[in-house]
Amino acid sequence: MALGLRERKKQWTRQRIAEVAVRLFGERGFDNVPVTEVARAADVSEATVFNYFPSKEDLVYQGMAEYENTLLEAVRDRAAGVSVLDAFRDFLLRPGGALADDDPAAVARIATVARIIAGSATLQARELRMVDRQTAALAEMIGRPGDFEPWVVANALMGVQRAMKEAVHRQALAGRRGPRIAREVVAQARVALEVLERGLAGYAATR
């Protein structure tokens, strides 16, 4: 269903604000750029920025939060007979995404975001809180609140997702092309998930 004019305008405004914010943060650092400056550069009011992004950190992390929410939905809505691991793997390894096309601009943006995060303790703390919240949500989804085993499983699965993100950032910073990054990171994630599927007995028993 095609979006109406109003929705397209809102989508464009949101994208414009995020692009301007990432550019400014990349130039001067996340902690050195106030939201008022982002608003001025995007030609909107500060209130408009916060209408689209509840916090300054969301200007960087909104996409990540949306991705992880969709990942949790894929596990929650899995078909009968589909395991948590299979639902998680099917979503995580699905083709497509920003790196599927050979678009240097997409890789450059990922590299910029990686540098922004690396330079801000505020963003790093926010990311840890996000991961903790999503991991807890996954654990409660697949077991009862407070149960030990679902917590271990959720941490293991989300660890693969975090490792993928870190690998993408490293390779983007190294200047790799998008499709190559996607192939290599997906291959690494597939191996990691296979380790979880087999179990850890005997893993790295020899050096």
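Residues numbered from 1 in each chain as written. Predicted model: local features only at pLDDT ≥ 70, side-chain atom pairs only at ≥ 80, totals over all residues. Heavy atoms only, no water.

**Re the overall build of the chain**
Our working rule: Counting from the N terminus, the helices are DSSP H or I runs at least four residues long and the strands are E runs at least two residues long. We call a residue buried when its accessible area falls under 20% of the maximum for its residue type, exposed when it is over 50%, and partly exposed in between, using a 1.4 Å probe and counting protein chains only. Note on definitions: a residue-residue contact is assigned when non-hydrogen atoms from the two residues lie within 4.5 Å. Under the convention used here, a 1.4 Å probe and the Shrake-Rupley method define accessible areas, while residue burial counts only the protein chains that appear. When charges are counted, neither His nor the chain ends are considered; positive counts come from Lys and Arg and negative counts from Asp and Glu. Every charge is mapped onto a representative atom, which is NZ of Lys, CZ of Arg, CG of Asp or CD of Glu.
Each helix and strand counted, the chain has nine helices and zero strands in total. Secondary structure elements in the chain, listed N-terminal to C-terminal, are α-α-α-α-α-α-α-α-α. Its C-alpha atoms give the chain principal-axis dimensions of about 55 × 35 × 35 Å. Per-residue burial over the chain gives 38% buried out of 207 residues. Considering only contacts within the chain whose residues lie at least 6 apart along the sequence, 66% involve residues at least 24 apart. For the chain, the computed accessible surface area is about 12400 Å², with 53% contributed by carbon and sulfur atoms. Here the chain contributes 30 positively and 27 negatively charged side chains, and the mean placements of these two sets differ by 3 Å.

**Concerning unusual backbone geometry**
Unlike most non-glycine residues, D43 shows phi in positive territory, near 60°. The exposed category is assigned to D43, whose relative accessible area is 71%.

**Focus: the confidence of the model for the chain**
The line we're drawing: Values of pLDDT, ranging from 0 to 100, describe the predictor's confidence in every residue of the model.
Residue-level pLDDT values for the chain average 91, and 98% of them are 70 or greater. Here helix 4 (residues 58-76) stands out as the element of the chain with the lowest mean pLDDT, 91, in contrast to helix 2 (residues 35-42), whose mean of 97 is the highest.

**Some words on the environment of T13**
Locating T13 in the fold gives a position in helix 1 (residues 5-28). You can call T13 buried: its relative accessible area is 13%. Note: C-alpha distance between T13 and Q134 (121 residues apart in sequence) is 28 Å. Other than its neighbours up to four places away in sequence, T13 contacts V44, T48 and Y52.

**Topic: a nonpolar patch on the surface**
The criterion, for reference: Without a salt bridge and with relative accessible area above 30%, a residue can belong to a patch; like charges are then joined within 9 Å and nonpolar side chains (Val, Leu, Ile, Met, Phe, Trp, Tyr) within 5 Å. By definition, a salt bridge exists where a carboxyl oxygen of Asp or Glu is found within 4 Å of a side-chain nitrogen of Lys or Arg.
Residues F148, W151 and V152 make up a contiguous nonpolar surface patch of about 350 Å² in total accessible area. On the secondary structure map, V152 appears in helix 8 (residues 148-173). Judged by its relative accessible area of 42%, V152 is partly exposed.

**Overview of the pattern of salt bridges**
In total, this model carries 15 salt bridges according to the counting rule given. The salt bridge involving K10 is made with E7; its shortest N-O contact spans 3.8 Å. Highlighted residues: K10 and E7, both in helix 1, separated by three residues, approximately one helical turn. Overall, E7 belongs to the partly exposed group, its relative accessible area being 39%. Ionic pairing is found between E127 and K165, a salt bridge with its closest N-O pair at 2.3 Å. In this pair, E127 sits in helix 7 (residues 121-142) while K165 sits in helix 8, placing the two residues 38 residues apart along the sequence. When its relative accessible area of 4% is taken as the criterion, E127 is described as buried. Sharing partners across several salt bridges, the network here consists of E57, D58 and R126.

**Description of the environment of L93**
Note on placement: L93 falls in the loop between helix 5 (84-92) and helix 6 (104-118). The spacing of L93 and R144 is 51 residues in sequence and 27 Å in space, taken between C-alpha atoms. Leaving out residues up to four positions away in the same chain, L93 has contacts with V186, A189, R190 and L193.

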